[in-house]
Amino acid sequence: MAKKWFVGIDWGSEEHHVCVLDAEGEVVGEKVVAHSGDGLGVLARWLWEVSECDASTVSVGIEVPHGPVVETLLERSFSVYAINPKQLDRFRDRFTVAGAKDDRLDARVLAASLRTDRHSYRHLSPESPEVVELREWSRMAEELKEERVRLGNRMRQHLRRYYPQPLELDNTVHAPWFLDLWELVPTPARAAKVRKAAVSRLLKRHRIRRVDANDVLSTLRQKPLMVAPGTTDAVTARISALVERIRVVNKQLKQATRRLDELCRRLSTSTEVGDSEGQCEQHDVEILRSLPGVGQVVLAVLLAEAHRALEARDYHALRTLCGVAPVTRRSSKRTAIVMRKACNLRLRDAVYHLSRTAAQSDPKSKAKYAALRAKGHSHGRALRTVGDRLLMVMCAMLREQTSYDATRQQVALMAE
């Protein structure tokens, strides 16, 4: 029987502490390797030598489930397991109750807990290039949206200082037509001189029909605020800089959205042969699209952040990752059920929007939400329950390889 080796790696930005234990828990060796190509190469060769050229006997525990360290080890066929840092903190109490902590100790705790409590770890495997790319573009799009909101809030605040009239036309200050309008009419003085034809051309170029040139000019030519000398020039200079940055973010966000569409289409084009008659099973992407409330952003986040749970059709893992599974705290005669906060925040936001949209468009979800609210549940709790049901339906659809059918009963969908 081959000998087993357990490795703990305390990940760092510049160097990594490594500890190797044998099957009896004795320390075989410790090493510090640099975070570089050469350093990770040294780590892989050392583990290869320790295991006597048998990577299948080596199990590696680490906190960070991604990055060059994990990818280097997976490429060389080592078994890599990840653990939540909070769980590792509890395992650390086995070695010290005084609260001591250092990188060398953490590496040993990782190796020791992996040897005795492997069930607490999550086994990692290489991810497909499409999923990796989809995840990065999805996160990039989310960051760009947050940046645009921040820039828009600053622009809105500056407009209220000297020129609040444009906000009456549209509060969405990052809209391209609004940015062009401000550049055409940046001050009340300019609004008094601008020609109606120029405003009409701007509205026509952006296909704005809810207001016409007369409405725009009458709003912008309202009595201006009284401001201190120099305020208008100073604030317009700041807004001008913000407008340039918002335009860049809009362009990058448009590019990210287009790329997400391409990646989702690429994933949806692959099909698998279903049976001897040559029928093809629907791909997971198309099945997920059929669920009420699933749009482009929600679909991209689900595929990027929860692809392993979706592949396994693991409803319990999925509801935990998304934060809709409640947490029960029971002590003696006291029992409390609270909202789960330890989850993937991107998935939580995605399921929130999934539930909110479904509660408006899907009759079953709408009825479920109304019944929960009638019982006194809060808006958030009701949406989490609706989202929990949709995740259950989602996993059932994926298991059966069928699109959403509102006429089917929930009991039938739960059947394995």
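I will try to describe carefully the structure that is included in this document. (Residues numbered from 1 in each chain as written. Predicted model: local features only at pLDDT ≥ 70, side-chain atom pairs only at ≥ 80, totals over all residues. Heavy atoms only, no water.)

1. Quick look at helix α15 (residues 315-322)
Structurally, the α-helix is built with 3.6 residues per turn, so residues lying three or four positions apart point the same way. Applied cut-off: Note on classification: 1.4 Å probe, protein chains only; a residue is buried when its accessible area is under 20% of the maximum for its type, exposed when over 50%, partly exposed between these limits. By the criteria applied, helices consist of DSSP H or I runs no shorter than four residues and strands consist of E runs no shorter than two, each listed in order from the N terminus. The directions from the helix axis to the C-beta atoms are what the arc is built from. Contact definition: two residues touch when any of their heavy atoms are within 4.5 Å. Polar contact is defined as a pair of N or O atoms within 3.5 Å, subject to the rule that within protein one atom must be able to donate a hydrogen and the other to accept it, and that residues adjacent in sequence are counted only when both atoms are side-chain atoms.
For α15, every residue scored as buried is listed here: Tyr315, Leu318, Arg319 and Cys322. All buried residues of α15 lie within an arc of 95° about the axis, which places them on one face of the element. Looking at the packing, one finds that the buried side of α15 touches α14 (307-312), α16 (345-361) and α18 (379-400). Two or three places before His316, at the opening of α15, Asp314 has a side-chain oxygen 3.3 Å from that residue's backbone nitrogen.

2. Quick notes on the packing of aromatic side chains
Heads up, the condition is: Note on ring pairs: Phe, Tyr and Trp rings are taken, using the six-membered ring of Trp, and paired if centres are within 6.5 Å. Classes follow the plane angle, with under 30 degrees stacked, over 60 edge-to-face and the rest tilted. Geometrically, a charge over a ring is one whose NZ (Lys) or CZ (Arg) sits within 6 Å of the ring centre while staying within 35 degrees of the ring normal.
The full count for this structure, using the stated rule, is 2 aromatic pairs. Pairing Trp177 with Phe178 gives two aromatic rings, centres 6.4 Å apart and planes at 85°, and the pair type is edge-to-face. A single burial state applies to Trp177 and to Phe178, both of which are buried. Between the NZ or CZ atom of Lys31 and the centre of the ring of Trp46, over which it lies, the distance is 5.1 Å.

3. Examining the nonpolar core
Test applied: By nonpolar core is meant a set of buried Ala, Val, Leu, Ile, Met, Phe, Trp, Tyr and Cys residues that side-chain atoms within 4.5 Å join together.
Counting residues in each nonpolar core, the largest one holds 82 residues, and the members touching the most others are Leu134, Met155, Leu159, Trp177, Leu303, Leu318 and Met394. Tallying contributions element by element places helix α11 (residues 231-269) first for this core, with 12 residues. Residue contacts for Met394: discarding those within four places in its chain leaves Leu288, Leu291, Leu302, Leu310, Leu318 and Leu354. Judged by nonpolar contacts, the second largest core, of 23 residues, contains Trp46, Ala55, Val60 and Leu74.

4. Observations concerning the layout of surface pockets
Condition: Both site types are read off a 1 Å grid over the protein atoms alone. A 1.4 Å probe that fits but cannot get out defines a cavity, while an open set with protein on both sides within 12 Å along at least five of seven lines defines a pocket; lining residues have an atom within 4 Å of a point. Grid points are joined across faces, edges and corners, and a volume is the space filled by probe spheres set on the points. Only Asp, Glu, Lys and Arg are considered charged in this grouping, and only Ala, Val, Leu, Ile, Met, Phe, Trp, Tyr, Cys and Pro are considered nonpolar; every other residue, Gly among them, is considered polar.
One number sums up the size of the largest pocket: a volume of about 1,500 Å³. Together, 39 residues line the largest pocket, and Pro65, Ala82, Arg122, Leu124 and Leu321 are the ones closest to its centre. Broken down by class, the residue content of the lining of the largest pocket amounts to 18 nonpolar, 8 polar and 13 charged.

5. So, the side chain of His17
Take His17: it is sitting in strand β2 (residues 15-22). Taking the relative accessible area as the measure of exposure, His17 reaches 17% and is therefore buried.

6. Structural notes on unusual backbone geometry
The phi dihedral of Glu52 falls on the positive side, at around 55°, and the residue is not glycine. Inspection of the secondary structure puts Glu52 in the loop between α1 (37-50) and β4 (58-62). The exposed category is assigned to Glu52, whose relative accessible area is 67%. Phi is positive for Cys53, close to 65°, though the residue is something other than glycine.

7. With respect to a negative patch on the surface
To keep it simple, the criterion reads: Think of a patch as exposed residues, more than 30% relative accessible area, with no salt bridge, where like charges cluster within 9 Å and nonpolar side chains (Val, Leu, Ile, Met, Phe, Trp, Tyr) cluster within 5 Å. What sets the accessible areas is the Shrake-Rupley method with a 1.4 Å probe; for residues, cover comes only from the shown protein chains. Basic side-chain nitrogens of Lys or Arg form a salt bridge, by our definition, when they fall within 4 Å of a carboxyl oxygen of Asp or Glu. When charges are counted, Lys and Arg are positive and Asp and Glu negative, with His and the chain ends excluded. For charged residues, the charge sits on one atom: NZ in Lys, CZ in Arg, CG in Asp, CD in Glu.
Together, Glu14, Glu15, Asp102 and Asp103 line one region of the surface with negative charge. Note that Glu14 resides in the loop between β1 (5-10) and β2.

8. Quick word on the state of the cysteines
We count it as follows: The disulfide definition used here is simple: a pair of cysteine sulfur atoms within 2.5 Å.
Inspection of every chain in the model, using the stated rule, returns 0 disulfides. Cysteine Cys343 shares no disulfide, and the gap to the nearest cysteine sulfur, in Cys322, comes to 8.0 Å.

9. Concerning the pattern of salt bridges
Any two side chains of opposite charge can pair, on the condition that their charged atoms come close. Applying the stated criterion across every chain, the model contains 22 salt bridges. For Asp117, the salt bridge goes to Arg94, with nearest N and O atoms at 2.8 Å. With Asp117 in the loop between α4 (103-116) and β6 (122-123) and Arg94 in the loop between α3 (85-92) and α4, the pair connects residues that are 23 residues apart, well separated along the chain. Residue Asp117 is classed as buried on the basis of its relative accessible area, which comes to 12%. Across the salt bridge formed by Glu262 and Arg259, the nearest N and O atoms sit 2.9 Å from each other. Of this pair, Glu262 and Arg259 both sit in helix α11, 3 residues apart, roughly one helical turn. The exposure class of Glu262 is partly exposed, given its relative accessible area of 31%. Judged by its relative accessible area of 19%, Arg259 falls in the buried class. Residues joined in a network through salt bridges with shared partners are Asp89, Arg90, Arg92, Lys101 and Asp106.

10. Observations regarding the sheet that holds strand β3 (residues 27-34)
What counts is decided by this rule: When DSSP finds at least two bridges between two strands, those strands are taken to pair. The convention used is that axes are lines fitted to C-alpha atoms, helices contributing only their stretch in contact, and that angles between N-to-C directions extend from 0 to 180 degrees.
One open sheet holds the 6 strands; their spatial order is β3-β2-β1-β4-β5-β6, and the pairing between them is mixed. Each edge of the open sheet carries a strand with a single partner, namely β3 and β6. Taken together, the 6 bridges between β1 and β2 define a ladder with antiparallel strand orientation. Within the sheet, the bridge partner assigned to Asp10 lies in β2 and is His17. Contacting β1, β2, β3 and β4, α1 crosses the sheet at an angle of about 165° to β3. Contacts from α4 reach β1, β2, β3, β4 and β5 (79-82) within the one sheet, and its direction differs from that of β1 by about 145°.

11. Here's the deal with the environment of Arg330
In this structure, Arg330 sits in strand β9 (residues 327-331). Given a relative accessible area of 61%, Arg330 falls into the exposed group. Spatially, the C-alpha atom of Arg330 lies 41 Å from that of Leu73, the residues being 257 residues apart in sequence.

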